[in-house]
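Residue strings, one per chain:
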Amino acid sequence: MERERVCTMKAILTSLMPFLLFLLLPDGTLSSDCPEACSCSTPESIFCFQRRSTTIPKGAPTSTTSLYLFANGIEGLKAEDFDGLENLEMLDLSQNKLTELPDRVFEPLTSLRNLDLSSNQITHISEECFHGMNLLERLYLYSNHIETIDPEAFNGLEHLLELKLQGNQLTSLPALSMPRLLLLDLRFNVLPTLGPSDLQTPNLESLKLGSVGLTSLNQELIGSLKNLHELDISGNQLETFPSALKYTPGLIHLSLAGNPMGPLKVPDLQNLRDLQELDISSLSLQGLPEEFPQLFPDLIKLTIAENPFNCLCPLAWFPRWLRAQSITLERTEETRCHFPPFNAGKVMERLEHRDFGCPTTTTVTTSTVKTTSTTPVPVTTLPSTTSIPGPREDDKDKDDDSPLPPVPASPSSSSMDPDEEQHFCPSHTCLNGGTCRLDQYGQVDCTCPHGTSGMYCEVQNPASPADAEIPMETVTVDAPDISSHQATATSILLDLHRYIEMRPYIRGIRLTYRNLSGPDRRPIQLSLPASFPEYRLRGLKPNSTYTVCASPLGAPNGIDSVCTEAQTVAESMMGHVAQFDDQRLTTMLVPAIAILLLLVLVAIAVGVVCYLRRKRAKGHLDLECEPSQLELDGVKVGLDNGALPQKQPQLMIPEPAVQNSNLEYEVLLLQDHCTSNNNTPSHKPSYF
């Protein structure tokens, strides 16, 4: 009877181990709060990844705001699947097996703002499948098999900011009347003709039309998008440079890659001075216009890969220009020379000036290369040369890419007409208004205006505060012409009423803003029509200070500019902290009670062991279940000394405790090690 009690107590203690381990989980989340086969990192977010189930999981709490169900194998949806999820704001159903969307299926989700249905097998968008989603801001339908969209399918989505439809099988597009839409992605469909009636999106900032079969770009359509900053028309059939791009001065990102339009001409690019990223790869270009550096003063990234460049002297300026302006050349390994044979296959960015094969006497600017002969060939500007002097002392420390010195004139040239000598300088040799002349050695010497320096006046030095020229019409930062209010963690609403009222002559507004609190302080420019009294900057960093400047569209930078500073708010976590504190208080009390109960059971077990040892000492009981090593060592020492051990028993969690993906714990079962007719003690691990 006593033996059965001892083994029963040990079994009870063993069964308590998983329970105590569960109570001591860090987040204290109960399994009943999370749907089966899902994980809940926070009470508001549920992740169900690769559940291998064809239906929506049940049991999500009503407080859920984000539900991720990607790659679950879901084949169908019902409105009942979303009952009780009125607080849901993010629903990810991507990478499933959905083939259709029933009408009004998302109607219970009255707070939904983000819906991702990408990478499914949907073929049609019906009239009422998105009915009731008045607050939806982002709708992702890319990488499906969509062939048709009902003309009324997107009605009511007045707050939509982003719509992604790329990678489907669309041949026509319903009229999109979305006044707040900022991003529209239609790439990899078949939409060769798009007009202003198709896209009634006056605030659109990003339009992606890559690989849709365009043969021309509708000028009226592009002209209606006054706020357009990013345009992708790559991979189409444009045989000439689109004339519509002459009416988009606010473009920052432009991709023309993969069109059979041939060489680029300077007049086509003159109105794109605000570009920061340009992709002209795969255009069969053999060179670049010599005015290219002056056309794009704000360029940050350039992609010119997969073009058959002739790496000869007219392109010798290119690598040096990249380094001087710190421009990132994308796809560097794919930007190689095609001709001449000694440069074929070489990465163009890594070539030195001498590798372009320029003649000995070379005058190099950042945009063009002019050469003259070093042999005694009759010329009209200089007589035949007799010798080539070495470099001057002040030129010894210059970079290897510096141009070689020109051939000096013979003494007989001293009687040459000064006008003819001045004519020897190629046009535009000196940049930024510099004056070109030849020194006594026949070398080009540029007299640079104030604020510029370098061999060709190519370096523009920032003016010091003492001699900075302040435009007459510049308004100080404290001017009240623009102001900010209604700031959130990621957006700032600008009030431009007074700025527009005070300047009735302007045709548009250029907004320039930058983050003063982060490591990247590069300015970002936007173009707004003059009819915009308010504008909300989106995609900002939380708890950051931004400086925002407004100036008339088309005016030089700094003229009639008004600036202000605005602060985005910090992301509030107080609600979550309070909720977690209440849960943690509860989870601290429950384990404490359980441990107290365990101590009581341990005390009882020790008492029983003491009683059994006394009985055995008297010869009245022959145990078949030997005591553990703890009983033989720790308890025996305490009895021999006439007192119990001084340290309290400690709960030791078994070593092989493995957490699986469902927040369940697998613990090896503890064996009783009861032996029969064995007088040697069992050496089993002690857990208390």
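Residues numbered from 1 in each chain as written. Predicted model: local features only at pLDDT ≥ 70, side-chain atom pairs only at ≥ 80, totals over all residues. Heavy atoms only, no water.

(A) Broad picture of the pattern of salt bridges. Per the counting criterion, the structure on display carries 13 salt bridges. As a salt-bridge pair, E333 and R350 come within 2.3 Å of each other at their nearest N and O atoms. One end of the pair, E333, is in the loop between β19 (328–330) and β20 (337–339); the other, R350, is in the loop between β20 and β21 (362–364), with 17 residues separating them in the sequence. Using a relative accessible area of 40% as the deciding quantity, one classes E333 as partly exposed. Beyond isolated ion pairs, a larger network of salt bridges with shared partners links R113, E137, R138 and E162. (Salt bridge = Lys/Arg side-chain N within 4 Å of Asp/Glu carboxyl O. Helix = DSSP H or I, 4+ residues; strand = E, 2+ residues; numbered from the N terminus. Buried < 20%, exposed > 50% of the residue type's maximum accessible area, 1.4 Å probe, protein only.)

(B) Representation of the nonpolar core in the model. Membership of the largest hydrophobic core comes to 100 residues, with the highest contact counts inside it found for L91, F106, F130 and F318. Those elements that place two or more of their residues in this core are α2 (219–224), α4 (292–295) and α5 (317–325). Here the element with the most residues in this core is α5; it accounts for four residues. The residues touching F318, leaving out its near neighbours within four places in the chain, are L288, L302, I304, L329 and M348. Counting residues in hydrophobic clusters, the runner-up holds 21 residues, among them I506, Y513, Y535 and Y546. (Core = buried A, V, L, I, M, F, W, Y, C linked by side-chain atoms within 4.5 Å. Contact = heavy atoms within 4.5 Å.)

(C) Focus on the state of the cysteines. Counted by the stated rule, this structure contains five disulfides. The disulfide bridge from C313 ends at C358, spanning 1.9 Å between sulfur atoms. Here the S-S torsion is close to 110°, and the disulfide linking C313 with C358 is therefore right-handed. Placement of the pair is C313 in the loop between β18 (309–310) and α5 and C358 in the loop between β20 and β21, with a sequence separation of 45 residues. Among the residues examined, C358 registers a relative accessible area of 17% and is labelled buried. (Disulfide = S-S within 2.5 Å.)

(D) Fine view of the sheet that holds strand β31 (residues 534–537). With respect to topology, three strands assemble into an open sheet ordered β27-β28-β31, the strand pairing being antiparallel. With one partner strand each, in any of the chains shown, β27 (483–485) and β31 form the two edges of the open sheet. Taken pair by pair, the neighbouring strands of this sheet meet at an average axis angle of 30°, ignoring direction. Two elements, strand β28 (residues 492–495) and β31, share four bridges in a ladder whose sense is antiparallel. Residue L494 lies in a different strand from β31, and its bridge partner there is Y535. (Pairing = 2+ DSSP bridges. Axes fitted to C-alpha atoms, helices over the stretch in contact; angles between N-to-C directions.)

(E) Layout of the layout of surface pockets. Taken as a whole, the largest pocket spans an internal volume of roughly 1,600 Å³. Looking at the lining of the largest pocket, the elements that each hand over two or more residues are β3 (66–68), β29 (508–515), β30 (524–529) and β31. For the lining of the largest pocket, the class distribution of residues is 17 nonpolar, 15 polar and 15 charged. (1 Å grid on protein atoms, 1.4 Å probe; cavity = no way out; pocket = protein on both sides within 12 Å on 5 of 7 lines; lining within 4 Å. Points joined across faces, edges and corners; volume = space filled by probe spheres on them. Nonpolar A, V, L, I, M, F, W, Y, C, P; charged D, E, K, R; others polar.)

(F) Focus on a nonpolar patch on the surface. On the surface, I595, L596, L599, V600 and I604 cluster together into a nonpolar patch covering about 400 Å² of accessible area. For I604, the location among the structural elements is in helix α8 (residues 574–617). With relative accessibility at 41%, the residue I604 sits in the partly exposed group. (Patch = residues over 30% accessible without salt bridge, like charges linked within 9 Å, V, L, I, M, F, W, Y side chains within 5 Å. Areas by Shrake-Rupley, 256 points an atom, 1.4 Å probe, with all protein chains shown as cover.)

(G) A look at the packing of aromatic side chains. Under the counting rule described, the total for this entry stands at 11 aromatic pairs. Aromatic pair F106 and F130: ring centres 6.4 Å apart, planes at 15°, arrangement stacked. Here F106, found in the loop between β4 (90–92) and β5 (114–116), pairs with F130, found in the loop between β6 (124–125) and β7 (138–140); they are 24 residues apart in sequence, far enough to count as distant. Note on F106: relative accessible area 0%, which makes it buried. Aromatic side chains F292 and F296 sit 5.0 Å apart centroid to centroid with 65° between the ring planes, which places their arrangement in the edge-to-face category. Comparing F292 with F296, the two get one shared label, buried. A network of ring pairs unites the aromatic residues F292, F296, W317, F318 and W321 as a single cluster. Over the face of the ring belonging to Y140 we find K164, whose NZ or CZ atom lies 4.6 Å from the ring centre. Lying across the ring of Y499, R503 places its NZ or CZ 3.9 Å from the centre. (Phe/Tyr/Trp six-rings, centres within 6.5 Å; stacked < 30°, edge-to-face > 60°. Lys NZ or Arg CZ within 6 Å of the ring centre and 35° of its normal.)

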